Amino acid sequence: MERDDIPAGHRPPSAAAGGPVSYAILRLGRIHRIRAAQLLRTVGLHLGQEVLMMRLWESGPQRQVDLAAEFGTDSAGMTRIVQRLERAGYVRRVPDPDDRRATRVEPTPASLALRGQVERIWTELERFTVGGLTAEEQRDAIRAMERLEGNLLAAPAAE
């Protein structure tokens, strides 16, 4: 893809000219995160907390160490996220019955009211994101993003 093929307002800076698709993904991801954070703030959540809650609602109680691995964070980072949700009353930590050294995180009954709000927010975010795209264009976008994700997962890790 040539630099002139990209509309002027969306062209990457010259240092990123070798990665126009990557730059477009960066721009889109940044704007999407900002909008999601704005919507989540209306229900008192920080970005990423809703995804953790979705995991718990879908799968039930999970070991905190497993959640940290799944979400690509360290133990301390997951502890901070869980503590915030615990203070809000949406999760509780209990000893793992299979390994007393481990902690399980489970959704509370209070989190069930939050689930409806999170579902509404994700529906609104989707509406903002896809705008006037047809169903076929949405499927094409999903397929393209899945392929890009697969490419990144297959690439050798940086050392």
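Scroll up for the structure.
Cut-offs used in this document
Residues numbered from 1 in each chain as written. Predicted model: local features only at pLDDT ≥ 70, side-chain atom pairs only at ≥ 80, totals over all residues. Heavy atoms only, no water. Axes fitted to C-alpha atoms, helices over the stretch in contact; angles between N-to-C directions. Helix = DSSP H or I, 4+ residues; strand = E, 2+ residues; numbered from the N terminus. Left-handed = near helix turned anticlockwise from the far one by under 90°. Contact = heavy atoms within 4.5 Å. Nonpolar A, V, L, I, M, F, W, Y, C, P; charged D, E, K, R; others polar. Buried < 20%, exposed > 50% of the residue type's maximum accessible area, 1.4 Å probe, protein only. Expected span 1.5 Å × (residues − 1). Parallel < 35°, antiparallel > 145°, perpendicular 65-115°, else oblique. Core = buried A, V, L, I, M, F, W, Y, C linked by side-chain atoms within 4.5 Å. Salt bridge = Lys/Arg side-chain N within 4 Å of Asp/Glu carboxyl O.

**Remarks on the packing of helix α1 (residues 20-41) against helix α5 (residues 111-130)**
Here's step 1: Viewed as axis vectors pointing N to C, α1 and α5 meet at an angle of 145°, and their least axial separation amounts to 10 Å. Between α1 and α5 lies a crossing whose hand is right-handed. Here α1 contributes H32, R35, A36, L39 and L40 to the contact with α5, which in turn contributes I121, E124, L125, F128 and T129.
Here's step 2: In terms of residue class, the contact of α1 with α5 is built from 6 nonpolar, 2 polar and 2 charged.

**Focus on the environment of E70**
Here's step 1: Position of E70 relative to the elements: it lies in helix α3 (residues 64-70).
Here's step 2: Among the residues examined, E70 registers a relative accessible area of 45% and is labelled partly exposed.
Here's step 3: Along the primary structure E70 and L52 are separated by 18 residues, whereas in three dimensions their C-alpha atoms are 9.8 Å apart.

**Observations concerning α5**
Here's step 1: Helix length check: α5 (20 residues) gives 28 Å between terminal C-alpha atoms against 28 Å at 1.5 Å per residue, within 8%.
Here's step 2: Against α1, α2 (49-59), β3 (99-107) and α6 (135-154) lie the buried residues of α5.
Here's step 3: Count one or two residues on from α5 and you reach G131, which has phi positive near 50°.

**Observations concerning the packing of α2 against α5**
Here's step 1: Viewed as axis vectors pointing N to C, α2 and α5 meet at an angle of 120°, and their least axial separation amounts to 11 Å. Put simply, α2 runs oblique to α5. Considering how the two elements wind past one another, α2 and α5 form a crossing that is left-handed. Here α2 contributes E50, V51, M53, M54, W57 and E58 to the contact with α5, which in turn contributes S111, L112, L114, R115, V118 and W122.
Here's step 2: Among the residues forming the contact of α2 with α5, the class breakdown is 8 nonpolar, 1 polar and 3 charged.

**Some thoughts on the nonpolar core**
Here's step 1: Membership of the largest hydrophobic core comes to 21 residues, with the highest contact counts inside it found for L45, L52, M53, L56, L85, V91 and L114.
Here's step 2: Aside from chain neighbours lying at most four places away, what touches V91 is M53, L56, V82, L85, E86, V105, E106, P107 and T108.

**Considering the side chain of Q49**
Here's step 1: Its place among the elements puts Q49 in helix α2.
Here's step 2: Under the relative-accessibility criterion, Q49 is labelled buried at 5%.
Here's step 3: Ignoring any residue separated from it by four or fewer positions in sequence, one finds Q49 in contact with G44, I81, R84 and L85.

**Let's talk about the pattern of salt bridges**
Note that side chains of opposite charge can pair when their charged atoms are close.
Here's step 1: One pass over the full model with this rule turns up 10 salt bridges.
Here's step 2: Among the salt bridges present, the one from E86 reaches R93, with a minimum N-O distance of 2.8 Å.
Here's step 3: For R93, a relative accessible area of 31% puts it in the partly exposed group.
Here's step 4: E124 is the partner of R120 in a salt bridge, and the nearest nitrogen-oxygen pair spans 3.7 Å. Residue R120 and its partner E124 are located together in helix α5, separated by 4 residues, close to a single helical turn.
Here's step 5: Residue class for R120 comes out partly exposed when judged on its relative accessible area of 43%.
Here's step 6: Given the relative accessible area of 22%, E124 is considered partly exposed.
Here's step 7: Each member of the salt-bridge network shares a partner with another, and the members are R63, D66, D99 and R101.

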